[in-house]
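Structural features, examined
The primary structure of each chain is shown beneath.
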Amino acid sequence: MSPTIQEQDYTRKFSFGLWKKILRYTPAYHSKLVRLCLWMVLTAVIDIAFPLLTRYAIDELIPLGHMDRVPAFAAVYIGLMLLQVLAIFRFLYLGGQVETGVSYEFRKMGFRRLQELPFSYFDRMPVGYLMSRLTSDAVRLSETVGWSLTDLIWGTAVLGLGTVMMFTISWRLTLVVLLVTIPLVLVTRYFQKRMLASHRQVRKLNSQITGAFNEGIMGAKTTKTLVRERENTREFEDLTRNMRRTSVRAASLSALYLPIVVSLGSIATAYALWQSGEMSLQGLMTLGTVQLFVNYTVQFFEPIRDIANTFSEMQSAQAAAERVVSLIETEPEIRDTPEVLARFGDSVHPRRENWPPLKGDIEFEHVDFQYKDGEKVLTDFSLRVQAGQNIALVGATGAGKSTIVNLLCRFYEPTAGRVLIDGVDYRDRSQLWLQSHLGYVLQEPHLFSGTIMENIRYSRLDATDEEVMEAARLVNAEPFILRLERGYQTQVGEGGSRLSTGEKQLISFARALLARPAIFVLDEATSSVDTETEAVIQEAIGTALKGRTSFIIAHRLSTVRNADRILVIDGGRIIEDGTHQELLRKKGVYWRLYTNQFQEERLQTILG
Ligand SMILES: Nc1ncnc2c1ncn2[C@@H]1O[C@H](COP(=O)(O)OP(=O)(O)OP(=O)(O)O)[C@@H](O)[C@H]1O
Ligand SMILES: [Mg+2]
């Protein structure tokens, strides 16, 4: 039940480079960020200005009885207040915009990257891991960009302006106040380090729990059939107990830290009050200035705490940020070269006018292939297929049949050797060019939530309803579709969960055909349909694939009988190659397989 990808421990140091990079990714928000910072500075200036007004009132207005100046004073006071309201409104508004905007940008970039990444990437990355990159991590990242930066600006401005003002009042007192900041900084560092570590631990556990949820939900049926509920529950309880313990530790640390900081601040304030009070008794300082100094001392500690907080927030958000950035920066292993992109365009701006037509001659030329961290599946594999030939691949489980067609579709690339299409290495043409000419029915077909009509139309969005139905009829999917309550408008559920595997295969077969591909690939497409349906699909294959280069992988040999060529694959090599009749005459592996299966089927018919 443990997730395959553990949360990695990313750098612990605060990294300016990373945040700079994040700013580089979001150029559209730079001007907003700058304005946001300006409003924050203004807020800080206002925070520093208010105590000055109070001093004026205490020292001038009240004792000297300047009643005539009160209206002007009130006007300035109200004006400043309105300015403060405006500044707060503006920075909250801009901060919110930056926050939502940045998470939107990163999700968009992440999603686009996921579309570009090849099959092999998804072999390694569990769905839950990728989901949390685009959801919680993106949110954390954008919160930090929107608010932490502004907190930093505000904090620094208040600290800077406050210190200058305090020095102008009394440099000796100010030095004492500054002395208190030394233990404050030390305490803060001590706690922050520990709090950060335990928060990190919490998040790590959290993502393990999410992973466990994910597996628990996706694998619910398997769990039940294997009677694993008790073990799974126990493992899950261990995880959550651990989570609770760690969370409590994190919370206790915060609970301890805050009172210490508050006390330190109070000590400094008390000292300032005492000293400035004495100075005022000696006539060295007016009452208004005492008020001013004490006010600044109180204000002094808030930004320090704030800045420390923000830094640790940013440090912990850094892990989220790094994960999002690393997703966006994952280089697809299969990439078109710059020359190819320049000529044929990419998936966003394809340059179809330069695309050559695809005839369908295929050649594997001394191809070697292995999956990442896997053993060699194909060694020096060669195969020539003429345009329009129907090829059938048969062979034992794990023989390499799916691998061969995956290479043909360029879901993976050969580790050595070449795959030529119409005589040209397919790496010299764009992926999009090849994949636009391919129809592929996967071994495990996937449908998207939506109606049956939408699912079939997915391969060619401008197809009319009539064309969609024609494709469905061609693969004989229509009878079962019409049997459903809402026909073509039936919702298939998430991932097509409301349909049987056979029905899903029929729909994805129709979907593939609708795109009128030049090369057609069916991987085990008929393994889950009943014999009757299979016979109809076989007929459909016969008509639909006539004159089209096609690869059909099947375990049921009756499906492949009519193929132009049957290749028997074993251990990644072609051990027999010929038509059904030729191979039967040869009395080799195919003949043995066929007679076995045939007898079994006959036996079943007799028994059935
Ligand atoms: N994504 C993958 N990562 C690593 N190894 C893989 C991957 N897919 C397949 N393999 C390995 O490659 C070999 C060939 O697998 P392949 O899927 O091509 O067999 P197959 O002939 O299609 O089998 P089946 O009839 O069961 O579908 C197997 O040993 C398998 O374990
Ligand atoms: Mg397979």
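The text that follows walks through the structure, step by step, so that each part is easy to find. The structure displayed is predicted, hence computed values, not measured ones.

A word on the side chain of S276
By the element assignment, S276 lies in helix α8 (residues 229–281). Judged by its relative accessible area of 0%, S276 is buried. Of the polar contacts made by the side chain of S276, one reaches the backbone oxygen of A272; its length is 2.5 Å. In terms of polar contacts, S276 uses its side chain to reach the backbone carbonyl oxygen of L273, at 3.4 Å. The contacts of S276, once residues within four sequence positions are left out, are L173, M285, V290 and V294.

Topic: the sheet that holds strand β4 (residues 416–421)
Ordered in space as β2-β1-β4-β5, the 4 strands form an open sheet in which the pairing is antiparallel. Edge positions in the sheet fall to β2 (376–385) and β5 (424–425), since each of these pairs with one other strand and no more. Judged from the 2 bridges that link them, β4 and β5 form a sheet pairing that is antiparallel. Each residue of the ladder has a partner; that of I421, found in β5, is V424.

Some thoughts on the site of ligand 1
Taken together, 14 residues surround ligand 1, and among them G398, G400, K401, S402 and T403 come closest. Here an oxygen atom of ligand 1 and a backbone polar atom of G400 are 2.9 Å apart. In the model, an oxygen atom of ligand 1 is placed 2.7 Å from a nitrogen or oxygen of the S402 side chain. Looking at the shell around ligand 1 element by element, the count peaks at 3 residues for helix α11 (residues 401–408).

A word on the pattern of salt bridges
If you walk through the whole model with that rule in mind, you get 18 salt bridges. The partner of E467 in a salt bridge is R516, with the nearest N and O atoms 3.4 Å apart. Of this pair, E467 sits in helix α14 (residues 465–474) while R516 is found in the loop between α16 (501–514) and β7 (519–523), placing the two residues 49 residues apart along the sequence. Here R473 ties to E478 by a salt bridge, and the two come within 2.7 Å at their closest N and O atoms. Given a relative accessible area of 40%, R473 falls into the partly exposed group. Of the residues examined, E478 reaches a relative accessible area of 12% and is grouped as buried. Overlapping salt bridges bring together R460, D462, E467 and R516 as one network.

Scoring rules and cut-offs
Residues numbered from 1 in each chain as written. Chains lettered and ligands numbered in written order. Predicted model: local features only at pLDDT ≥ 70, side-chain atom pairs only at ≥ 80, totals over all residues. Heavy atoms only, no water. Helix = DSSP H or I, 4+ residues; strand = E, 2+ residues; numbered from the N terminus. Buried < 20%, exposed > 50% of the residue type's maximum accessible area, 1.4 Å probe, protein only. Polar contact = N/O pair within 3.5 Å; in protein donor to acceptor, adjacent residues only side chain to side chain. Contact = heavy atoms within 4.5 Å. Pairing = 2+ DSSP bridges. Near = heavy atom within 4 Å. Salt bridge = Lys/Arg side-chain N within 4 Å of Asp/Glu carboxyl O.

What is shown is where atoms sit, not what they do.
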